[in-house]
Amino acid sequence: MNIKRIVIGSVVCAILCLTIALVAQAQQTPAAAPVKIYNTAKAKLMAGKQIFGGTIESPDPNIYCAMANAGFDFLWIEMQHSTLTYEEAARMIWACRGAPAMPFIRVPDATESDIQKATDIGALGIIVPTVDTVEKAQAAVKWARYPTQGRRSTGAGQYRALYGNDYRQTANDNMMVVIMIETPIGVANAEKIAAVPGIDVIFAASGDLGNFSGHTQGQPEYEALVTRIHDVTLKAGIKLGGPQTWKSRAGFTFFQAPPESMLIQSGAQLNLGIVPAAGGRGQ
């Protein structure tokens, strides 16, 4: 009986000692450092707030800086439908480094070359147009993020000077991938596209939805396309984007504002007390 008590007591003592050691070790292990977020537009969007981006088509750094400090959350640097080069975009981003508006670039396509250049010069958002297929959505994520989340390679660029020497360790958490659905084919594949890991925003392209479908805003066929993008995107837990004029539509939180040329025109008209004429660009 005494031997049995001694054995049981020894086992209990060993368990208590092990428990105390594990607790002490846990208390000594430092807590994981919080994720460093310098993409303020992404932080605001993920907090459930609406964000707005002014569109840049001009290579003028002065105009870029005026837009970057005007109150926008990000700038939509337009490289699909403009003649901007990556060198010009890099010069603008650098000229206004530290400005409140984060630099995002709409690349011409989801290629390694386009996305690598855009991220290396400091874009914190990659906007990919005309996504019809899962493969194109996957390519956007793959080239925008470093391993293990993607296949972005390391190279030269101004990103470290902009965001710090720990950029490689922080870039994936700060990068945003925005997928644009612009065609009936993309709408038909919306569920498969939304299932691709790593997409932050799906953008319902108001103009090209009409261009490719042959229907206009307000028509049932057009609105059905928008509704499907809306429902699939939110169901997948992805943020929903559209033009600034849709800021009152339920569920939309990511918006593209007009380009600098329109804002200059409207600002001048406001200054002069002129009522804008109907039928002008973007009216």
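This text follows the structure it describes.
It should be emphasised that the depicted structure is a prediction, and the values quoted were computed from it without experimental measurement.

1. What to know about the overall build of the protein
Scanning the protein from N- to C-terminus turns up 13 helices and eight strands. Within the protein, the fraction of its 283 residues that count as buried is 45%. A separation threshold of at least 6 residues defines the contact pool for the protein, and within that pool the share at least 24 residues apart is 63%. By element, 59% of the accessible surface of the protein is carried by carbon and sulfur atoms, the whole surface being about 14400 Å².

2. Digging into helix α8 (residues 167-174)
Those residues of α8 that sit buried are Tyr167, Thr170, Ala171, Asn172 and Asn174. Contacts from the buried residues of α8 go to α2 (40-46), α5 (112-120), α7 (159-163) and β5 (176-181).

3. Remarks on the packing of aromatic side chains
Under the counting rule described, the total for this entry stands at eleven aromatic pairs. The ring centre of tryptophan 94 lies 4.0 Å from the NZ or CZ of arginine 97, which sits over that ring. Taking NZ or CZ as reference, arginine 249 lies 4.2 Å from the ring centre of tryptophan 246, over its face.

4. Thoughts on the sheet that holds strand β7 (residues 239-243)
Taking strand neighbours around the barrel as the criterion, the eight strands line up as β1-β2-β3-β4-β5-β6-β7-β8 in a closed arrangement whose pairing is parallel. Each neighbouring strand pair of the sheet contributes to a mean axis angle of 25°, computed without reference to strand direction. Here strand β1 (residues 51-56) pairs with strand β8 (residues 252-259) via four bridges, running parallel. Bridge pairing links glycine 53 to glutamine 256 in β8. Packed on one face of the sheet, helix α12 (residues 220-235) meets β5, β6 (201-204), β7 and β8 and runs near 150° to β7.

5. Some points on the environment of aspartate 173
Mapping aspartate 173 onto the fold places it in helix α8. In this structure, the C-alpha to C-alpha distance between aspartate 173 and tyrosine 38, residues 135 residues apart in sequence, is 9.4 Å. Ignoring anything within four residues of it in the chain, the contact list for aspartate 173 reads Val35, Ile37 and Lys42.

6. Section: the side chain of arginine 152
Locating arginine 152 in the fold gives a position in the loop between α6 (134-144) and α7. Side-chain polar atoms of arginine 152 contact the side chain of tyrosine 167, separated by 2.8 Å.

7. Some words on the environment of arginine 145
In this structure, arginine 145 sits in the loop between α6 and α7. Residue arginine 145 is classed as buried on the basis of its relative accessible area, which comes to 3%. As a C-alpha pair, arginine 145 and asparagine 174 span 29 residues in sequence and 9.8 Å in three-dimensional space. Sequence-distant contacts of arginine 145, that is, excluding residues within four places in its chain, are made with Lys42, Gly150, Arg151, Arg152, Asn172, Met175, Met176, Val177, Gly198 and Asp200.

Calculation criteria
- Residues numbered from 1 in each chain as written.
- Predicted model: local features only at pLDDT ≥ 70, side-chain atom pairs only at ≥ 80, totals over all residues.
- Heavy atoms only, no water.
- Helix = DSSP H or I, 4+ residues; strand = E, 2+ residues; numbered from the N terminus.
- Buried < 20%, exposed > 50% of the residue type's maximum accessible area, 1.4 Å probe, protein only.
- Contact = heavy atoms within 4.5 Å.
- Areas by Shrake-Rupley, 256 points an atom, 1.4 Å probe, with all protein chains shown as cover.
- Phe/Tyr/Trp six-rings, centres within 6.5 Å; stacked < 30°, edge-to-face > 60°.
- Lys NZ or Arg CZ within 6 Å of the ring centre and 35° of its normal.
- Pairing = 2+ DSSP bridges.
- Axes fitted to C-alpha atoms, helices over the stretch in contact; angles between N-to-C directions.
- Polar contact = N/O pair within 3.5 Å; in protein donor to acceptor, adjacent residues only side chain to side chain.

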